[in-house]
Amino acid sequence: MLYGRIEQDLQANDLIHVTLENNYNTYSFGGKKMLVLSTASWLGGKNDFLGIAYLTVGGMCFFLAMFFALIYLLKPRRLGDPSYLSWNRLPGGR
């Protein structure tokens, strides 16, 4: 869960003051609370694979949509045309 964001560059040995509140008690079941500081880029976290994968799949979907739209524009098919159904073809698949 991303709760906050530091909008300035941090240098080595910079102090960060954090206030943690005990809004949900975890002592009753032996749970723990943790604070995680991490870096993020415009593609996501440290590992760029997921961001690159999303961009790749999205690009492929876009180009496939353009390809099918081009096929539809060049060779349109009547809506509900039964001649494309398998049982309307000649025996033997010809």
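Scroll up to find the structure this text is about.
Worth saying up front: this structure is predicted, and the values here are computed from it rather than measured.

1. Comments concerning the overall build of the protein
Piece 1. Within the protein, the secondary structure is distributed over one helix and zero strands.
Piece 2. Each of the 94 residues in the protein was classed as buried or not, and the buried ones make up 4%.
Piece 3. On the protein, roughly 9900 Å² of surface is accessible, and the fraction owed to carbon and sulfur atoms is 62%.

2. Overview of the environment of S38
Piece 1. Within the fold, S38 resides in the segment before α1 (49-74).
Piece 2. Note on S38: relative accessible area 57%, which makes it exposed.
Piece 3. Distance in space between the C-alpha atoms of S38 and R5 is 9.9 Å, their sequence separation being 33 residues.

3. Concerning the packing of aromatic side chains
Piece 1. Using the criterion set out here, one finds three aromatic pairs in the structure.
Piece 2. An angle of 70 degrees between the planes, with centres 5.5 Å apart, marks the rings of F62 and F63 as edge-to-face.
Piece 3. In this structure F62 comes out as partly exposed when scored by relative accessible area, which is 47%.
Piece 4. Among the residues examined, F63 registers a relative accessible area of 59% and is labelled exposed.

4. Quick word on a nonpolar patch on the surface
Piece 1. On the surface, a nonpolar cluster with roughly 660 Å² of combined accessible area is contributed by I6, L10, I16, V18, L20, L35 and L37.
Piece 2. Secondary-structure assignment places L35 in the segment before α1.

5. Examining the environment of N25
Piece 1. With respect to the secondary-structure elements, N25 resides in the segment before α1.
Piece 2. Looking at N25, its side chain comes within polar contact range of the main-chain nitrogen of Y27, at 2.9 Å.

Quick notes on the rules
- Residues numbered from 1 in each chain as written.
- Predicted model: local features only at pLDDT ≥ 70, side-chain atom pairs only at ≥ 80, totals over all residues.
- Heavy atoms only, no water.
- Helix = DSSP H or I, 4+ residues; strand = E, 2+ residues; numbered from the N terminus.
- Buried < 20%, exposed > 50% of the residue type's maximum accessible area, 1.4 Å probe, protein only.
- Areas by Shrake-Rupley, 256 points an atom, 1.4 Å probe, with all protein chains shown as cover.
- Phe/Tyr/Trp six-rings, centres within 6.5 Å; stacked < 30°, edge-to-face > 60°.
- Patch = residues over 30% accessible without salt bridge, like charges linked within 9 Å, V, L, I, M, F, W, Y side chains within 5 Å.
- Salt bridge = Lys/Arg side-chain N within 4 Å of Asp/Glu carboxyl O.
- Polar contact = N/O pair within 3.5 Å; in protein donor to acceptor, adjacent residues only side chain to side chain.

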